[in-house]
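# Architecture and fold: a report
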Amino acid sequence: MSSVRVRFAPSPTGFFHIGSARTALFNWLYARHTGGVFVLRIEDTDKERNTEESLQILLDGMKWLGLDWDEGPDVNGDYGPYFQSQRTSIYQEYLKKLQDAGRTYERDGAIFFRLEGERYSEFDDYKKCEIEKVRAAPQVIDDKVRGRVERAEEKDFVIFRSNGEPVFHFVNVVDDIAMGITHVIRGEDHLSNTSKHCELFRAFGAEPPVFAHIPLILKSSGPGKMSKRDEGALIEDYEQNCYLPGAVRNYLCLLGWSPKDDQEIMAIDEIIDRFDFDGINQGNARFDEKKMAHINAEYIRQLPLETLAWMVSPILVKSGLMDTSSDEDYFQDVLRVSQEKMTALNTLPSLIGYFFTEDYPLDDKTRSRIFKKGDPVDRVIEFLSTMDGVDEFTSESIDAFFEDLSARNGFKKFEYFPVIRFAVSGTGGGPELLPMLEVLGKDRVKSRLECFIKKVS
RNA sequence: GUCCCGUUCGUCUAGUCAGGCCUAGGACACCGGGUUUUCAUCCCGGCAACAGGGGUUCGAAUCCCCUACGGGACGCCA
């Protein structure tokens, strides 16, 4: 039995940031690795930004990534409620403890937390004014990622605003105590807050949890950490763009954590098994959309055909290429020959669209390439006029037919292939030609070739 | 400005804690070749890094110090 309790404590802001998602992921991985409990706590004290919709985006994102929580919204636990907006009485109770201990005072209507130590006054270059400082004892944390970090807080800080609401540092610590959180895994941007939090833990007579400050995700180019405006920063966009959640999750695992051998594509169970603090890096990681796309492509190509089919079907329906009455066997055949060429699901309408419509566009670049030397249409006419001789329309028989044709008239196969591909698909790429022709079927190929001849003549 | 954290190919990283096994490994990207007589797949090859300077040591990517650079925090935001 494990006693580990970790939490992810997002505040709903209307989007699910990739950095938050990775923090959630690392907490989740650690909980699953240790057999501990993963708590989802919603920090919704900022009333302005917290709407029902914002919460939904967050929960959807968590579910999409497969990060299930053991306690939190919709999942009852012994430490609820899990919305900070519903915990005001708990905060009042804890505030009273500090007040009774003489660790608070009021100024300008706000309640401050009083540090212990020698007080003095100093000009603050940052705030450009004289402020009261405190020589407090340094708080030493034994960070699981960074090792020993020592920092002294030097100013009293607000714990309740003048409007009566508690601030982040206060609720965060109180909830961690009240919810029995044992390990706090969060972004490095909180490292400097940790001395504040330790002061509070100690003032409450509680031993601080184990801290692990994970590196931040930096924008792919330019300075600074990833912000919501950067390309690829929002989890909901990946869902929108038909990324596979497992691929996104796999990539996120690799940003700031390493299994230490050269493995990259890993099943989630294996990652859970191998995930631990010593695999977490100290340096920040720069986001790389190309690598993300690469891992997504690997996942797509490994997908079982049935799974691929139900993922792709709505995409094609949406783009108007397919409807519910479409031929299921044909659809599966198309996917079977095309899967190895796929790199992204949202580009599928352009990659395999021609399988589903007779009104496919002819790519200009390919057209000029094919028509550069001589008139290849003759070849199409020739093939069309003799293709009735092919009984079974399979890769093998079509291949044999071309061999035969070549032997008779002296043309090489490659003098037929490009133009025939172009004629039946309008593109210069795609699956291997012969299997593709087989899937399209004799009738479709024949009528497309006829149309093509009319179109280009 | 003050405090905290960091720094290995363009990028993610292995190697650092326990100094010799490192001629520094893998992956993405890029470049070249091949397969596929197509391509956005696949295979092979190539390019490319220990931030700089001082120490310690027989020996330093690895330990120590300094500098530079990067990141973060310094809110009655979270």
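For the structure given in this document, a descriptive report is provided here. Remember, it's a predicted structure, so these values are computed and weren't measured experimentally.

Cut-offs applied
Residues numbered from 1 in each chain as written. Chains lettered and ligands numbered in written order. Predicted model: local features only at pLDDT ≥ 70, side-chain atom pairs only at ≥ 80, totals over all residues. Heavy atoms only, no water. Helix = DSSP H or I, 4+ residues; strand = E, 2+ residues; numbered from the N terminus. Expected span 1.5 Å × (residues − 1). Buried < 20%, exposed > 50% of the residue type's maximum accessible area, 1.4 Å probe, protein only. Contact = heavy atoms within 4.5 Å. Polar contact = N/O pair within 3.5 Å; in protein donor to acceptor, adjacent residues only side chain to side chain. Phe/Tyr/Trp six-rings, centres within 6.5 Å; stacked < 30°, edge-to-face > 60°. Lys NZ or Arg CZ within 6 Å of the ring centre and 35° of its normal. Near = heavy atom within 4 Å. Salt bridge = Lys/Arg side-chain N within 4 Å of Asp/Glu carboxyl O. Core = buried A, V, L, I, M, F, W, Y, C linked by side-chain atoms within 4.5 Å.

### Concerning helix H9 (residues 289-302)
- Here H9 is 14 residues long and its end C-alpha atoms lie 20 Å apart, about the 20 Å a rise of 1.5 Å per residue gives.
- Looking only at H9, the buried set comprises Met292, Ile295, Asn296, Ala297, Tyr299 and Ile300.
- Next to the buried residues of H9 lie helix H6 (235-240), helix H7 (245-254) and helix H10 (305-318).
- The opening residue of H9 is Asp288, an N-cap whose side-chain oxygen sits 3.0 Å from the backbone nitrogen of Lys290.

### Focus: the packing of aromatic side chains
- Going through the model one piece at a time under the given rule, you end up with 21 aromatic pairs.
- Considering the side-chain rings of Phe160 and Phe170, the 5.1 Å spacing of their centres and the 65 degrees angle between planes classify their relative orientation as edge-to-face. Within this pair, whereas Phe160 is found in strand E9 (residues 157-160), its partner Phe170 is found in helix H4 (residues 168-178), the two being separated by ten residues in sequence.
- By relative accessible area, Phe170 is classed as buried at 0%.
- By way of ring pairs, the aromatic residues Tyr91, Tyr94, Phe160, Phe170 and Phe204 are connected into one cluster.
- Looking at Arg135, its charged tip hangs above the ring of Tyr120, at a distance of 4.0 Å from the centre.

### Quick word on the protein's contact with RNA strand B
- Around RNA strand B, 64 residues are found, and the nearest of them are Lys127, Arg146, Glu264, Lys341 and Gly428.
- When the atoms of RNA strand B within 4 Å of the protein are sorted by group, sugar and phosphate make up 66%.
- Interatomic distance of 3.4 Å between a side-chain N/O atom of Ser11 and a sugar or linking oxygen of RNA strand B.
- Lys291 places a polar side-chain atom, nitrogen or oxygen, 2.9 Å from a sugar or linking oxygen of RNA strand B.
- Secondary-structure elements contributing two or more residues to the surface near RNA strand B are strand E8 (147-151), H4, strand E13 (285-286) and H9.
- At five residues, H9 tops the list of elements feeding residues into the surface near RNA strand B.

### A word on the pattern of salt bridges
- Under the defined criterion, the tally for this structure stands at 30 salt bridges.
- Two residues, Arg148 and Glu150, come together in a salt bridge whose shortest N-O distance is 2.5 Å.
- We classify Arg148 as exposed; its relative accessible area is 60%.
- Across the pair Arg336 and Asp333 runs a salt bridge whose closest N-O atoms are separated by 3.0 Å. Of this pair, Arg336 and Asp333 both sit in helix H11 (residues 328-338), three residues apart, which is roughly one turn of that helix.

### Topic: unusual backbone geometry
- Of note in the backbone geometry, Asp108 takes a positive phi value of approximately 55 degrees without being a glycine.
- Checked against the element boundaries, Asp108 lands in the loop between strand E3 (104-107) and strand E4 (110-113).
- The backbone of Cys242 shows a phi angle near 65 degrees, a positive value even though the residue is not glycine.
- Locating Cys242 in the fold gives a position in the loop between H6 and H7.

### Describing the nonpolar core
- In terms of nonpolar packing, the biggest core is built from 110 residues, with Leu29, Phe355 and Phe356 touching the most fellow members.
- Of all the elements, helix H1 (residues 18-34) adds the most residues to this core, at nine residues.
- For Phe356, the contacting residues outside a window of four places in its chain are Leu316, Leu321, Met322, Tyr330, Phe331 and Val334.
- In terms of nonpolar packing, the next biggest core, distinct from the first, is built from 30 residues, Phe157, Ile159, Val174 and Cys198 among them.

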